[in-house]
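# An overview of the molecular structure
Read off the chains here:
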Amino acid sequence: QQPVQSPQAVILREGEDAVINCSSSKALYSVHWYRQKHGEAPVFLMILLKGGEQMRHEKISASFNEKKQQSSLYLTASQLSYSGTYFCGTDYDQTGANNLFFGTGTRLTVIP
Amino acid sequence: DTEVTQTPKHLVMGMTNKKSLKCEQHMGHRAMYWYKQKAKKPPELMFVYSYEKLSINESVPSRFSPECPNSSLLNLHLHALQPEDSALYLCASSQDERLAVEQYFGPGTRLTVT
């Protein structure tokens, strides 16, 4: 049930853009996005609901394509502080509970 | 206060030891979670407590024993662990157990089993 993320890793220069994808083989209810810096706790970025609108957190936005069972995270004009590992977390109608399955992770490195 | 605290930060224990991890939140959240995270891997759900009752146990071995003494506290009792249990143990909380509710994570306890 673990969603798959792509790419696995990406290196950006400050100011560049990136897209991280999260795909599931099962019907999704919602997608959560978290960023985790090395040695720290995951920090919540945003939640996207089935049928909901695109969300935004500062210069980071995300979309949810129900047909494709996929969510994409868009990082615009990246900053050094964006570095970290990004995880999507998905939950499914069937569980009826906030039981998150985290994706494989995408390691983002922003260099000056 | 949007903080989840965990103690200790680091723990080294032998395979015959008994130890406990502690998690606390004062946000009035009624759902609390234990996750296990191995290096360079995503967090994996272990247990969910909802209104102080265990609602999900993701087939976790009995050497891990969760406890929720009250709505603010969550413990994880450890006994007879194996070296492969070495990992970062994360606690999280959310308003309740409904779908699509934000989870707040604590900084974790880094456990090493020798």
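So, a few notes on the structure that sits alongside this text.

Parameters at a glance
Residues numbered from 1 in each chain as written. Chains lettered and ligands numbered in written order. Predicted model: local features only at pLDDT ≥ 70, side-chain atom pairs only at ≥ 80, totals over all residues. Heavy atoms only, no water. Helix = DSSP H or I, 4+ residues; strand = E, 2+ residues; numbered from the N terminus. Rg over C-alpha atoms; globule rule 2.2 N^0.38 Å. Buried < 20%, exposed > 50% of the residue type's maximum accessible area, 1.4 Å probe, protein only. Contact = heavy atoms within 4.5 Å. Areas by Shrake-Rupley, 256 points an atom, 1.4 Å probe, with all protein chains shown as cover. Lys, Arg positive; Asp, Glu negative; His and termini not counted. Charge placed at Lys NZ, Arg CZ, Asp CG, Glu CD. 1 Å grid on protein atoms, 1.4 Å probe; cavity = no way out; pocket = protein on both sides within 12 Å on 5 of 7 lines; lining within 4 Å. Points joined across faces, edges and corners; volume = space filled by probe spheres on them. Pairing = 2+ DSSP bridges. Axes fitted to C-alpha atoms, helices over the stretch in contact; angles between N-to-C directions. Buried area = accessible area lost by both parts, 1.4 Å probe. Salt bridge = Lys/Arg side-chain N within 4 Å of Asp/Glu carboxyl O. Polar contact = N/O pair within 3.5 Å; in protein donor to acceptor, adjacent residues only side chain to side chain. Nonpolar A, V, L, I, M, F, W, Y, C, P; charged D, E, K, R; others polar.

What follows is about the overall build of chain A. Within chain A, the regular secondary structure consists of zero helices and eleven strands. Going from the N terminus to the C terminus, chain A shows its helices and strands as β-β-β-β-β-β-β-β-β-β-β. Its C-alpha atoms give chain A a radius of gyration of 13 Å, within 12% of the compact-globule value 13 Å for 112 residues. When burial is assessed residue by residue, chain A has 49% of its 112 residues classed as buried. Long-range contacts, defined here as pairs at least 24 residues apart, represent 56% of the contacts in chain A between residues at least 6 apart. Summed over all atoms, the accessible surface of chain A reaches about 5400 Å², with 49% contributed by carbon and sulfur. Each charge sign in chain A was given a centre, from 10 positive and 9 negative side chains, and these centres are 4 Å apart.

All names here are of chain B. With the rule as written, the count across this model stands at one cavity of 30 Å³ or more. Approximately 40 Å³ is the volume attributed to the largest cavity. Together, His29, Arg30, Ala31, Met32, Tyr49, Ser50, Tyr51, Glu52, Cys68, Asn70 and Ser71 line the largest cavity. Elements with a minimum of two residues in the lining of the largest cavity: β4 (31-37), β5 (44-50) and β7 (64-70).

Moving on, we come to the sheet that holds strand β1 (residues 4-7) of chain B. Residues and elements named next belong to chain B. One open sheet holds the four strands; their spatial order is β1-β3-β8-β7, and the pairing between them is antiparallel. With one partner strand each, in any of the chains shown, β1 and β7 form the two edges of the open sheet. Neighbour-to-neighbour, the strand axes of the sheet open up by a mean angle of 20°, direction not taken into account. By the bridge criterion, seven bridges tie strand β3 (residues 18-25) to strand β8 (residues 73-79) in an arrangement that is antiparallel. Bridge pairing in β8 links cysteine 23 to leucine 74.

Each side of the interface is counted separately: chain A has 25 residues, and chain B has 24 residues. Carbon and sulfur atoms make up 61% of the surface buried where chain A meets chain B, a total of about 1800 Å² over both sides. Where chain A packs against chain B, one counts zero salt bridges. At the junction of chain A with chain B, the criterion picks out two residue pairs in polar contact (both at pLDDT 80 or more). Of all the secondary-structure elements, those providing two or more residues to the side of chain A that touches chain B are β4 (30-36), β5 (43-49) and β9 (84-91) of chain A. If you tally residues by element for the side of chain A that touches chain B, the top one is β4 of chain A, at four residues. When grouped by side-chain class, the residues that make up the side of chain A that touches chain B number twelve nonpolar, ten polar and three charged.

Roughly 570 Å³ of internal volume is contained in the largest pocket. Together, 22 residues line the largest pocket, and Thr85 and Arg107 of chain A together with Ala39, Lys40 and Lys41 of chain B are the ones closest to its centre. At the level of elements, β9 and β11 (106-111) of chain A are the ones that each hand at least two residues to the lining of the largest pocket. It is β9 of chain A that provides the largest number of residues to the lining of the largest pocket, a total of three residues. Along the lines of polarity and charge, the residues of the lining of the largest pocket split into four nonpolar, twelve polar and six charged.

Our focus in this paragraph is the sheet that holds strand β8 (residues 70-75) of chain A. Hydrogen bonding along the main chain pairs the strands of a sheet, whether they run parallel or antiparallel. All names here are of chain A. Spatially, the five strands line up as an open sheet ordered β1-β3-β8-β7-β6, and their pairing is antiparallel. Looking along the sheet, the strands with just one partner apiece sit at the ends: β1 (4-6) and β6 (55-57). Going across the sheet, the axis of each strand differs from the next one's by a mean of 20°, ignoring polarity. When strand β3 (residues 18-23) meets β8, the two strands line up antiparallel, connected through six bridges. Among the inter-strand pairings, cysteine 22 is bridged to a residue of β8, identified as serine 71.

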